[in-house]
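Notes for the structure review
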Amino acid sequence: MFGKQPDTSASELVWTAVTEALEDADVATPDAVFVGTCFGEPGIAQRALHRMGIVGVPITVLENACASSTHAFHEAVVAVENGRYQSVLVVGVEHLTSRFAGAIPVDPRDHEGRAGLGLPALYAMSASRYQGQYGLTTEAMAAVSVKNHAHGVFNARAQHRSEVTMEQVLDSRMISDPLTLLQCCAIADGAGAAIIGAGRRSSRDVGVRSSAMLTGQLWNHRTEDVWGYGLIASTAAQAYEKAGCRIEDIDVIELHDAFTIGEIVTTEALGMAKLGDGGELVLSGHTRLGGAQPVNPSGGLLSRGHPLGATGTAQLAELVWQLRGEAGARQVPNACLALLETMGGGAGGVDGNACVVAVLESSE
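First, a word on what this report is: a plain description of the structure on this page. (Residues numbered from 1 in each chain as written. Predicted model: local features only at pLDDT ≥ 70, side-chain atom pairs only at ≥ 80, totals over all residues. Heavy atoms only, no water.)

1. Examining the sheet that holds strand β10 (residues 354-362)
The strand order across the open sheet formed by four strands is β7-β10-β9-β8, and the pairing between neighbours is mixed. Strands at the two margins of the open sheet, each flanked by one partner only, are β7 (206-214) and β8 (252-254). Across the sheet, the mean angle from the axis of one strand to that of its neighbour is 15°, orientation sign disregarded. Sheet topology places strand β9 (residues 337-344) next to β10; eight bridges connect them, and they run antiparallel. Its bridge partner lying in β10, A338 is registered against L360. Sheet strands in contact with helix α3 (residues 68-81) are β7, β9 and β10, and its direction is about 115° off that of β7. (Pairing = 2+ DSSP bridges. Helix = DSSP H or I, 4+ residues; strand = E, 2+ residues; numbered from the N terminus. Axes fitted to C-alpha atoms, helices over the stretch in contact; angles between N-to-C directions. Contact = heavy atoms within 4.5 Å.)

If you want it as structure tokens, here you go:
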């Protein structure tokens, strides 16, 4: 469950997620643990896991902005592929309400943030530039929020489970022009977990066909594409090549929609539409449940909330449920191939801190 949970500790969040993952995979103790978190206190992983009897194994904690637990997943996949470990526990955790009362404040050592270039402003600048270049309407951006909130109604683990109208999205409080409140994700507390590698073999297994991770190239106002596009496109190209597939082969997608413009730019970077046409994907219904390639059937960050370090594992869990046919009312029929994308940003001068793109496949 994601949401504001001030009375639940970070360790308790981890216990719930890890217990579910271990039982699902029929694994008692993994060979290693990779943990993703942004704002977790020192020793957060060991503090939680030793109470579960997970001790005496390597525990590695990774921070890569919003892609922290997806980075942990990527490293686990590589470690298993290379024979370093047989089974790896991946954990993502964040307890933001114990650190922040509202929006995440700017770190005084972050020069870009102190100048006003926090993530809402950065995405808003991208949206304004994109609108100027391609004529994207405010209604097309708002349609992303309408779609993802509609999907979130069916996700019992999401923080926000109410539909919103186009008018409600556009009339909500302006956060960073042109992005209104309902076009921005909310902070949350949450944890997610998964087992990569050995476990009970069954028809419910989900395979990792590929996983790719990159850090952004140097970027500034003279770069041709909006912030994030190049990094996502390059990472996706690696993932497609290793998986031996194209975007047209993908049945269901979970991607990083921290802000509505993010989903539009990402769908283009993944190759779902050419530059300037990402808004039409939403308006046409292509990315809705029932459409040709549903995007964020979980409700995405806009519905689920964004406990930064746990977001990647939540995306991973959703796609596992989709590929198993266990997603209930939000199930994408006959989903065989799924794509996960998480992009973390925040460091000035580069096109994103990190991006992970993975292709998953059902066992049937």
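Still to come is the rest of the account.
2. Comments concerning the layout of surface pockets
For the largest pocket, the calculated volume is near 1,300 Å³. As for the largest pocket, its lining consists of 47 residues, of which A103, I104, L119, P120 and L308 are closest to the centre. For the lining of the largest pocket, the elements supplying multiple residues, two or more each, are α4 (111-114), α5 (119-134) and β9. The greatest single-element share of the lining of the largest pocket, amounting to four residues, is contributed by α5. Its residues assigned to classes, the lining of the largest pocket shows 27 nonpolar, 13 polar and seven charged. (1 Å grid on protein atoms, 1.4 Å probe; cavity = no way out; pocket = protein on both sides within 12 Å on 5 of 7 lines; lining within 4 Å. Points joined across faces, edges and corners; volume = space filled by probe spheres on them. Nonpolar A, V, L, I, M, F, W, Y, C, P; charged D, E, K, R; others polar.)

3. Here's the deal with the nonpolar core
Ranked by internal contacts, the top residues of the largest apolar core, which has 49 residues, are I247, I250, I253, I261, L270 and L339. Those elements that place two or more of their residues in this core are α5, α6 (138-152), α8 (229-243), α9 (260-269), α10 (278-283), α11 (300-304), β9 and β10. Per-element tally for this core: the top contributor is α8, with seven residues. Not counting residues up to four positions away in its chain, the partners in contact with L339 are Y240, I247, I250, V252, I253, E254, L270, L319, V357 and A358. Judged by nonpolar contacts, the second largest core, of 24 residues, contains A32, A72, A194 and A338. (Core = buried A, V, L, I, M, F, W, Y, C linked by side-chain atoms within 4.5 Å. Buried < 20%, exposed > 50% of the residue type's maximum accessible area, 1.4 Å probe, protein only.)

4. Things to note about the packing of aromatic side chains
Following the criterion strictly, the structure yields three aromatic pairs and no others. With 4.9 Å between their ring centres and 55° between their planes, Y130 and Y134 make a pair best called tilted. Here the residue Y130 and the residue Y134 both occupy positions in helix α5, the gap between them amounting to four residues, near one helical turn. Taking relative accessible area as the criterion, Y130 reaches 1% and is therefore assigned buried. On the basis of relative accessibility, which here comes to 30%, the residue Y134 falls in the partly exposed class. In textbook terms, an aromatic cluster arises when at least three aromatic residues are bridged by ring pairs, as seen for Y123, W227 and F259. (Phe/Tyr/Trp six-rings, centres within 6.5 Å; stacked < 30°, edge-to-face > 60°.)

5. Side note on the pairing of β9
Burial analysis of β9 places eight of its eight residues in the buried class, the great majority of the element. Side chains L337, L339, E341 and M343 project from β9 onto one buried face, and the interleaved A338, L340, T342 and G344 project onto a second face that is buried too. Pairing of β8 with β9, which is carried by three bridges, proceeds in the parallel orientation. Of the residues in β9, the one forming a bridge with V252 is A338.

6. Focus on empty space enclosed by the protein
Unoccupied space between atoms shows up once a probe the size of one water molecule is rolled over them. Evaluated as defined, the whole model comprises three cavities of 30 Å³ or more. Within this model, the largest cavity holds a volume of roughly 100 Å³. Forming the walls of the largest cavity are 13 residues, and the residues nearest its centre are Y123, W227, G262, V265 and T266. Mapped by element, the contributors of at least two residues to the lining of the largest cavity are α5, α8, α9 and β9. Top element by residues in the lining of the largest cavity is α9. It accounts for four residues. In terms of residue class, the lining of the largest cavity is built from seven nonpolar, five polar and one charged. Lining the second largest cavity we find Y130, Q133, Y134, D225, V226, Y229, V265, E268 and L275. Contributions of two or more residues to the lining of the second largest cavity are made by α5 and α9. Among the elements that take part in the lining of the second largest cavity, α5 stands out by supplying three residues, more than any other. Classifying every residue of the lining of the second largest cavity by side-chain character gives six nonpolar, one polar and two charged.

7. Considering helix α12 (residues 311-324)
Taking 1.5 Å of rise per residue, 14 residues should cover 20 Å, and α12 covers 20 Å from first to last C-alpha, within 8% of that figure. Across the 14 residues of α12, 13 count as buried, placing the element largely inside the fold. A positive phi of about 75° marks G325, the residue just after α12. (Expected span 1.5 Å × (residues − 1).)

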